[in-house]
Amino acid sequence: MSATASPPLNRLAKSRLPDSFRLGWSLRVVWLVGAAVCATAMWLLPGTATIPFHLMWIGLSLLYGFTRWRPVELAVMVGVTAAATGAILVSHAAGGRIEWLETLEVPLSVALIAVTAALVRRRHLALLALADAADRDRQVAEARQHLMRQVAHELRTPITVARGFTELVADRHADAETREDSDTVLAELDKLARITQRLVTLIDADGAYVPEALDLPAEVTRIVRRWTPAADRAWSWKCAGGTVIANRDRLEAVLDCLLDNAVKFTGPGDRIAVEGQADDLAWTITVTDSGPGPTPGGPGTGTSLGLVMARTVVAGWGGEVRLAHEPATGTTVTLHVPAQRPDGR
């Protein structure tokens, strides 16, 4: 594998691995002191030499696992430890104080360290690969958000210009046919503007937001009242409870989407009711209309951009959006969000 595809571990570790993977000289000093004590015990107590022997090698394995080593450094440390412990065991075996078979502990311990080193290195490489993947995902997400914001910005200008000229044409031509055509164009331009705004909200849904303490009854009243002049419906709203932690702009965008859907599937005189409830555990908002509701596969169904955006934003708050339809009573959409602390958690 080329150096470009797999950069050296040591170079990447300096900037990518957590501090716990870097060389810890204090741990090395502790191990060296412990190793000296174990070696002394091995020399003075040949009958129990295997105990300090294994403690020394176990300590070396743990030290390697908690610090960052170069391959040459590991080889030197293992070689010195093997030579020191091997010399002591061979001396004891030559003097008849232990069995020669016990000297095989040295190569077995070296093999154990080799296996440990291989596993730890694989883990380090896996962490590097994970960090690279996360970095690429972040860059892709940032590029996507930048592109979509640019597209949304570029769309707003022609929409505004087209709307202005359409209103100008309608004012200059008083005949009913021109006025009707102008109203149709204006309605479609307004729809396109709402779609553009929803796209921007959907793009920002995954990003960070500033949690705010909101008076839920006041917010519900403010948002619904904005809609009452726009559609000839039997509007009603009520809300119980007090303060919730959310974001005002996102709450408004979500409720606008649900009210837009309710207006879309109802006609003049139909009922649209909004109810809110908040307590210490959760807060909910329900939007109920008396219309026929979405049809499977039809425009404005549960897969519409507005409902997708609402579900994405609410999911970011740890909540969910539920959709229910009964032919006799109409359609009900419920936002259910767990109560959050002022820090958004």
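Quick caveat, the model's predicted, so the values are computed rather than measured. Along every chain, residues carry numbers that run from 1 in the direction the sequence is written. Owing to the predicted nature of the model, reporting of local features is limited to residues with pLDDT of at least 70; listing and counting of side-chain atom pairs is limited to 80 or more, with chain, interface and lining totals taken over all residues. Excluded from the side-chain calculation are hydrogens and water; included are all heavy atoms of the structure.

Participant: Describe the overall build of the chain, naming the residues involved and giving the relevant values.
Facilitator: Counting secondary structure elements, the chain contains 9 helices and 7 strands. Residues count as neighbours in contact if any of their non-hydrogen atoms are within 4.5 Å of one another. Sequence-distant contacts, at least 24 apart, represent 71% of the contacts inside the chain between residues at least 6 apart. As displayed, the chain offers around 19,600 Å² of accessible surface, 63% of which is attributable to carbon and sulfur atoms. Secondary structure is summarised from DSSP: a helix means a run of H or I of at least four residues, a strand means a run of E of at least two, and numbering begins at the N terminus for each. Every accessible area reported is derived by Shrake-Rupley at a probe size of 1.4 Å, with residue values counting cover from the shown protein chains alone.

Participant: Account for the UniProt feature "transmembrane region" (unreviewed entry) in the chain, naming residues and giving values.
Facilitator: UniProt positions are given in the numbering used here, feature names are shortened, and annotations may be inferred rather than shown by experiment. UniProt's feature table lists "transmembrane region" (unreviewed entry) at residues 21-45, 51-67 and 74-94, given in the numbering used throughout. Between the end C-alpha atoms of residues 74-94 the distance is 29 Å, and the span holds 100% helix and 0% strand.

Participant: Tell me about the pattern of salt bridges, and please be specific about residues and values.
Facilitator: When a carboxyl oxygen of Asp or Glu lies within 4 Å of a side-chain nitrogen of Lys or Arg, that pair is called a salt bridge. In the structure shown here, the tally under the stated rule is 9 salt bridges. The salt bridge partner of E219 is R248, with a shortest N-O separation of 3.1 Å. Remark: R248 occurs in helix α8 (residues 248-264) and E219 occurs in helix α7 (residues 216-227); sequence separation between them is 29 residues. Only protein chains enter the accessibility calculation, which uses a 1.4 Å probe; a residue whose area is less than 20% of its type maximum is buried, one above 50% is exposed, and one in between is partly exposed. Classification of E219 as buried rests on a relative accessible area of 6%. Across the pair E252 and R222 runs a salt bridge whose closest N-O atoms are separated by 2.9 Å. Placement of the pair is E252 in helix α8 and R222 in helix α7, with a sequence separation of 30 residues.

Participant: Can you break down the pairing of strand β5 (residues 282-289) residue by residue, with the values?
Facilitator: With respect to burial, β5 is a largely interior element, 7 of its 8 residues being buried. For strand β4 (residues 271-278) and β5, the ladder comprises 7 bridges, and the chain directions are antiparallel. Pairing of G276 across the sheet is with I285, part of β5. Being paired, for any two strands, means DSSP has found at least two bridges between them. Sheet topology note: the β5/strand β7 (residues 330-338) ladder contains 8 bridges and is antiparallel. Bridge assignment links W283 to a residue of β7, and that residue is V337.

Participant: So what about the side chain of T288? Which residues, and what values?
Facilitator: Structurally, the position occupied by T288 is in strand β5. Using a relative accessible area of 16% as the deciding quantity, one classes T288 as buried. A distance of 3.3 Å separates polar atoms of two side chains, one belonging to T288 and the other to T332. Polar contact is the term for a pair of N or O atoms within 3.5 Å; when the atoms are in protein, one must be able to donate a hydrogen and the other to accept it, and sequence-neighboring residues count only if both atoms are side-chain atoms.

Participant: Mind laying out the packing of helix α2 (residues 25-44) against helix α3 (residues 50-66), listing which residues take part and the relevant values?
Facilitator: Where α2 contacts α3, the axes come no closer than 8 Å and their chain directions differ by 165°. As judged from the angle between their axes, α2 and α3 are roughly antiparallel. Handedness of the α2/α3 crossing: left-handed. Residue-level contacts link L27, R28, W31, A35, C38, A39, A41 and M42 of α2 to P52, F53, L55, M56, G59, L60, L63 and F66 of α3. Fitted lines through C-alpha atoms give the axes, limited to the stretch in contact for helices. The angle between two N-to-C directions lies from 0 to 180 degrees. Angular relationships are summarised with four words: roughly parallel below 35 degrees, roughly antiparallel beyond 145, roughly perpendicular across 65 to 115, and oblique for the angles in between. Here is the rule for handedness: rotate from the far helix to the near one, and if that takes an anticlockwise turn smaller than a right angle the crossing is left-handed, while a clockwise turn gives right-handed.

Participant: Residue-level account of α8, with values.
Facilitator: Helix span is expected to be 1.5 Å times the residue number reduced by one. In this model α8 runs 24 Å from its N-terminal to its C-terminal C-alpha over 17 residues, within 8% of the 24 Å that 1.5 Å per residue would give. The opening residue of α8 is N247, an N-cap whose side-chain oxygen sits 3.2 Å from the backbone nitrogen of D249.

Participant: Lay out the sheet that holds β5 with the relevant residues and their values.
Facilitator: Sheets are built from strands paired through backbone hydrogen bonds, the pairs being either parallel or antiparallel. The 5 strands are arranged β2-β4-β5-β7-β6 in an open sheet whose pairing can be described as mixed. What marks the edges here is a single partner per strand, and that holds for β2 (234-240) and β6 (320-326). Direction aside, neighbouring strands of the sheet carry axes that sit 10° apart on average. Seen against the sheet, α7 touches β2, β4 and β5 and runs at an angle of roughly 170° to β2. Together, β2, β4, β5 and β7 form the strand contacts of α8, whose direction differs from that of β5 by roughly 20°.

Participant: Pulling in residues and values, what's your account of the nonpolar core?
Facilitator: Among the nonpolar cores identified, the biggest contains 35 residues, and W235, L259, W283, I285 and V287 are the most heavily contacted of them. Of all the elements in the fold, those that place two or more residues in this core are α7, β3 (243-246), α8, β4, β5, α9 (305-316) and β7. Residue contributions to this core peak at 9 residues, all from α8. Dropping the residues within four chain positions of it, L259 is found in contact with I223, V224, W227, W235, I272, V274 and V287. The set of buried Ala, Val, Leu, Ile, Met, Phe, Trp, Tyr and Cys residues whose side-chain atoms join them within 4.5 Å is what this entry labels a nonpolar core. Among the nonpolar cores identified, the runner-up in size contains 24 residues, and W31, M56, L74 and A82 belong to it.

Participant: Could you give an account of a negative patch on the surface, with specific residues and numbers?
Facilitator: On the surface, D175, E177, E180, D181 and D183 cluster together into a negatively charged patch. With respect to the helices, strands and loops of the structure, E177 is situated in helix α6 (residues 176-204). A patch consists of residues whose relative accessible area exceeds 30% and which take part in no salt bridge; residues with like charges are grouped when within 9 Å of each other, and nonpolar side chains (Val, Leu, Ile, Met, Phe, Trp, Tyr) when within 5 Å. For the purpose of counting charges, residues Lys and Arg are taken to be positive, whereas Asp and Glu are taken to be negative. His and the chain ends are not included. By convention, the point assigned to a charge is CZ for Arg, NZ for Lys, CD for Glu and CG for Asp.

Participant: Could you give me a rundown of the packing of aromatic side chains, with the residues and numbers involved?
Facilitator: Between 30 and 60 degrees the pair is tilted, below 30 it is stacked and above 60 it is edge-to-face, where a pair is any two Phe, Tyr or Trp rings, Trp via its six-membered ring, whose centres lie within 6.5 Å. A full pass over the atoms with the stated rule returns 2 aromatic pairs. With a centroid separation of 6.2 Å and an interplanar angle of 55°, the aromatic rings of F53 and W57 are classed as tilted. Taken together, the residues F53 and W57, both in helix α3 and 4 residues apart, mark about one turn of the helix. Assigned by exposure class, F53 and W57 land together as buried. Summarising the aromatic geometry, the rings of W283 and W317 are spaced 5.8 Å apart at their centres and angled 50° between planes, so their arrangement reads as tilted. Of this pair, W283 sits in strand β5 while W317 is found in the loop between α9 and β6, placing the two residues 34 residues apart along the sequence. W283 sits in the buried class, given a relative accessible area of 2%. Classification of W317 by relative accessible area gives buried; the value is 3%.

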